[in-house]
Amino acid sequence: MEDITKVESYLAALDSSIDTLEDTVKPILGKDMVSITEDLDPISRIKAYNNYLYVTISTLFAYLKSTGVKTESHPIMEELARIKKSMNKVKELEQKLQSKDTSAQDSETAKRLIQQALGNNVNGGGAAAPDSIKKPAISSASFKGSEFQGKHTKFHEKTTPTKVTKPKKSQDDKAKGKKKARK
């Protein structure tokens, strides 16, 4: 008799769990997956499909186990492995995206620090830049009070190329060349 009362309590707990599950799942069961996932971003959509497939295949796996089917060599194991592999790929993708975000932030920080140190900042040089290079070297302010007037002179160049010729060697140069060759 003790065994029957334990089983009855387990069945009652299972019945209440199923009722709770039905209430939770009813909104989803009335819709198709496309309408459920249409408002999600791509990664969340993939995760929703993976979770849906995993729950479905796991339920089939539990059914097969409960009916006594040997699942070790059953094709359902390949399907479970495929879904787990897909879920792992999504996790890796999320980790890569997070690391790219942090690496982008790190590169921006490094760029800012380098600009401050070297004085290449667009807003007038960095912290280490001396005052002499924080402003333009030549400006109209440099010549205030002087009589200097800037004037641009345009030079015209010949555009026709000239032919370069080598000077001819004289008799003396030829003789010197022969003497050097004999030595």
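Residues numbered from 1 in each chain as written. Predicted model: local features only at pLDDT ≥ 70, side-chain atom pairs only at ≥ 80, totals over all residues. Heavy atoms only, no water.

1. Brief notes about the pattern of salt bridges
Logical step 1: Summed over the entire model, instances satisfying the criterion amount to 3 salt bridges.
Logical step 2: Among the ionic pairs, Glu94 bridges to Lys47, the shortest N-O distance being 3.2 Å. Here Lys47 lies in helix H3 (residues 42–66) and Glu94 lies in helix H4 (residues 75–118), a separation of 47 residues in the sequence.
Logical step 3: Judged by its relative accessible area of 26%, Glu94 falls in the partly exposed class.
Logical step 4: We classify Lys47 as partly exposed; its relative accessible area is 36%.
Logical step 5: For Lys65, the salt bridge is made with Glu72, and the minimal N-O distance between the two is 4.0 Å. (Salt bridge = Lys/Arg side-chain N within 4 Å of Asp/Glu carboxyl O. Helix = DSSP H or I, 4+ residues; strand = E, 2+ residues; numbered from the N terminus. Buried < 20%, exposed > 50% of the residue type's maximum accessible area, 1.4 Å probe, protein only.)

2. As for H3
Logical step 1: With 25 residues, H3 ought to run about 36 Å at 1.5 Å a step, and its terminal C-alpha atoms sit 36 Å apart, in line with that.
Logical step 2: For H3, the complete set of buried residues consists of Ile43, Asn50, Ile57 and Leu64.
Logical step 3: One or two positions beyond H3, positive phi appears at Gly68, with a value near 90°. (Expected span 1.5 Å × (residues − 1).)

3. Side note on the layout of surface pockets
Logical step 1: Taken as a whole, the largest pocket spans an internal volume of roughly 390 Å³.
Logical step 2: Considering the residues around the largest pocket, the lining is formed by 13 residues, among which Val25, Ile28, Leu29, Tyr52 and Val55 are closest to the centre.
Logical step 3: Breaking the lining of the largest pocket down by element, the ones donating at least two residues are helix H1 (2–29), helix H2 (33–37) and H3.
Logical step 4: By residue number, the principal contributor to the lining of the largest pocket is H3, which donates 5 residues.
Logical step 5: The residue inventory of the lining of the largest pocket, partitioned by class, reads 9 nonpolar, 2 polar and 2 charged. (1 Å grid on protein atoms, 1.4 Å probe; cavity = no way out; pocket = protein on both sides within 12 Å on 5 of 7 lines; lining within 4 Å. Points joined across faces, edges and corners; volume = space filled by probe spheres on them. Nonpolar A, V, L, I, M, F, W, Y, C, P; charged D, E, K, R; others polar.)

4. Digging into a negative patch on the surface
Logical step 1: Taken together, the side chains of Asp15, Asp19, Glu22 and Asp23 make up a negatively charged region of the molecular surface.
Logical step 2: For Asp15, the position within the fold is in helix H1. (Patch = residues over 30% accessible without salt bridge, like charges linked within 9 Å, V, L, I, M, F, W, Y side chains within 5 Å. Areas by Shrake-Rupley, 256 points an atom, 1.4 Å probe, with all protein chains shown as cover. Lys, Arg positive; Asp, Glu negative; His and termini not counted. Charge placed at Lys NZ, Arg CZ, Asp CG, Glu CD.)

5. A word on the UniProt feature "coiled-coil region" (unreviewed entry) in the chain
Logical step 1: Taking the numbering used here, the UniProt-annotated feature "coiled-coil region" (unreviewed entry) corresponds to residues 76–110.
Logical step 2: Helix makes up 100% of residues 76–110 and strand makes up 0%, while its end C-alpha atoms are separated by 51 Å. (UniProt positions renumbered as here; feature names shortened; annotations may be inferred.)

6. Side note on the side chain of Thr71
Logical step 1: Of note, Thr71 is situated in the loop between H3 and H4.
Logical step 2: Thr71 gets classed as buried once you look at its relative accessible area, which sits at 3%.
Logical step 3: Non-local contacts of Thr71, meaning those with residues more than four positions away in its chain, are made with Phe61, Leu64, Lys65 and Met77. (Contact = heavy atoms within 4.5 Å.)

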